[in-house]
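Chain by chain, the residues:
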Amino acid sequence: MFCNQCEQTAKGVACSVVGVCGKQEDVAGLQDLLIYVMQGLALYAQEGRKHGIVDDAVDLFTYKAVFSTLTNVDFDPERFVELINEAVELRDAMKAKVAAKGGKVDFSEPQAGYKPSGSTADLAAAGTALKLIENLDTDENIRSLKQTLLYGLKGLCAYADHAAILGQTDPEVAAFCYDALVALMAKGLTVEQCVPVAMKCGQINLRAMELLDTANTGTYGHPVPTSVPLGHRKNKCILISGHDLYDLEQLLKQTEGKGIDIYTHGEMIPCHGYPELKKYPHFYGHFGTAWQNQAKEFPNFPGPILFTTNCIQKPREDYIDRVFTNGLVGWPGVKHIRNKDYSPIIEMALAMPGFTDEVDNGSVMVGFGHNAVMGVADKVIEGVKSGAIRHFFLVGGCDGAKPGRNYFTNFVEQVPNDCVVLTLACGKFRFFDKKLGDIGGIPRLLDVGQCNDAYSAIQIAVALSKAFDCSVNELPLSMVLSWYEQKAVVILLTLLSLGIKDIRLGPSLPAFLSPAVLQFLVDTFGIKPIETPEEDLAAILG
């Protein structure tokens, strides 16, 4: 096993026995084999596009398959065997279509003709034997850039998959996915050839995030500032975690009128701000803090728990009997919902005691997407011009259990009172309930949404730059980002592709970046590792 795609990789190098995330060696091997087979599919899909062959089903499968290999998505070996076999079937079908059009089908790459055989264990061993990462290139800098592309691609496919579920797609996004998978097989590349492909991954991801923003707001309305209770009320209950708005909507519809309250966990909390979701009276509040606290928080939730895609590590035994998974997410032995029929969850919720008392733990505000913030743009602009608002900080990104993430809490607590903090993604749970007050009626802590809502943060920055007739880099705006997995990688590539500089990144820098590639990012974009809150604030504010 070799895996260094996340921030918590063992010893800052790579996980070699079992993943810090809980991923076992067999799953790691199957994920690598799936990427390998997807490269073969990409060869024919790329060639097919040269002859006018665009298969929407193949595009959607590509998003799902690549997304499934992202950290904390799927840990079930049998699910990967299904995906590998389906990828081979689609590859061979695409090959036949290309041949019928007179296109090239005699590819020399072994990925083009690989046939899976044997047991699940045999396939896992075959995947491990590929040494997928080690064999990307013998040159550590080319290998580093290819890893950056691969991990960025995984994040891109996550956003594209979320958008596609709500009907928003763009063939240009899928075309790049095939180009990227094929580029990973190329030999003899130079750094100068690799960097533009990585930057293009960021550019294409901006389009994917735009599609997702359109999908979410077009289906559920633009988020509005909303107060979300952190306590609970007497009633039956279900907890939903993850990112998927459509899954939440289906759960709300199926529990309507059944005397069951729905609570969010993790990155589901911004969903309370969407008009078409908040209209359900039983969509009540938020339970728990950051995902790394699940072991002590979830056993205390008196109802079933639904995990949707890109969620958290495998549940502990003391509450695993109450866990259901949905979408791509899955673990061996955990109940899985395949058809959005939540009857088993509802039955369990009705059979369990639920909350038997009422507790007020205060509330937090969500719903400050780009539409809401731009609605008070005149106040924001006046606040800056008058000197009431000195600086904006975007403090967001992934959360995790590795030591050092208390930096972000301490940073926000020390931000001066004349500064505004925008935040998004699960990193905000380090400080989401801090009472920072307001400046002229504008809250000093603005929750922009999920990591999936990074497009909103970018749009806010772009709108401010237009209002002040300057570049984003000239704004009184600093980005202090935490990263954990591959969606954070592709968001970083997006920001860099937009020319945004001087980003502070932590709690540690990616292990897959070689010293030379890291120096290139420092020299070109001014990327900085976080130091201490005191040092970083002093450097930013002067």
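Before any of the text, the structure's been laid out above.
Residues numbered from 1 in each chain as written. Predicted model: local features only at pLDDT ≥ 70, side-chain atom pairs only at ≥ 80, totals over all residues. Heavy atoms only, no water.

Caption draft 1: Spatial organisation of the layout of surface pockets. Reported here for the largest pocket is a volume of approximately 620 Å³. As for the largest pocket, its lining consists of 29 residues, of which Lys64, Asp161, Ile165, Gly327 and Leu328 are closest to the centre. Sorting the residues of the lining of the largest pocket by element identifies helix H2 (56–67), helix H3 (77–100), helix H5 (140–165), helix H7 (191–220), helix H8 (245–255) and strand E7 (335–337) as the ones contributing at least two each. When grouped by side-chain class, the residues that make up the lining of the largest pocket number 11 nonpolar, nine polar and nine charged. (1 Å grid on protein atoms, 1.4 Å probe; cavity = no way out; pocket = protein on both sides within 12 Å on 5 of 7 lines; lining within 4 Å. Points joined across faces, edges and corners; volume = space filled by probe spheres on them. Helix = DSSP H or I, 4+ residues; strand = E, 2+ residues; numbered from the N terminus. Nonpolar A, V, L, I, M, F, W, Y, C, P; charged D, E, K, R; others polar.)

Caption draft 2: View of the sheet that holds strand E6 (residues 323–326). Across the sheet, which stays open at both edges, the six strands sit in the order E4-E3-E2-E5-E6-E7 with parallel pairing between neighbours. The two strands at the open ends of the sheet, each matched to only one other strand, are strand E4 (283–286) and E7. Between one strand axis and the next, the sheet turns through 30 degrees on average, direction left out of account. Of the pairings in the sheet, the one linking strand E2 (residues 236–241) to strand E3 (residues 260–264) comprises five bridges and is parallel in character. Note on E3: the bridge partner recorded for Cys237 is Asp261. With respect to the sheet, helix H11 (residues 343–351) is in contact with E2, E3, strand E5 (305–307), E6 and E7, its orientation differing from that of E2 by roughly 135 degrees. (Pairing = 2+ DSSP bridges. Axes fitted to C-alpha atoms, helices over the stretch in contact; angles between N-to-C directions. Contact = heavy atoms within 4.5 Å.)

Caption draft 3: Representation of the packing of aromatic side chains within the structure. The full count for this structure, using the stated rule, is 20 aromatic pairs. Seen in terms of ring centroids, Phe287 and Phe301 are 5.0 Å apart; in terms of plane orientation they differ by 70 degrees. Their pairing is edge-to-face. Of this pair, Phe287 sits in the loop between E4 and helix H10 (294–297) while Phe301 sits in the loop between H10 and E5, and the two are 14 residues apart along the sequence. Neither Phe287 nor Phe301 differs from the other in exposure class; each is buried. (Phe/Tyr/Trp six-rings, centres within 6.5 Å; stacked < 30°, edge-to-face > 60°. Buried < 20%, exposed > 50% of the residue type's maximum accessible area, 1.4 Å probe, protein only.)

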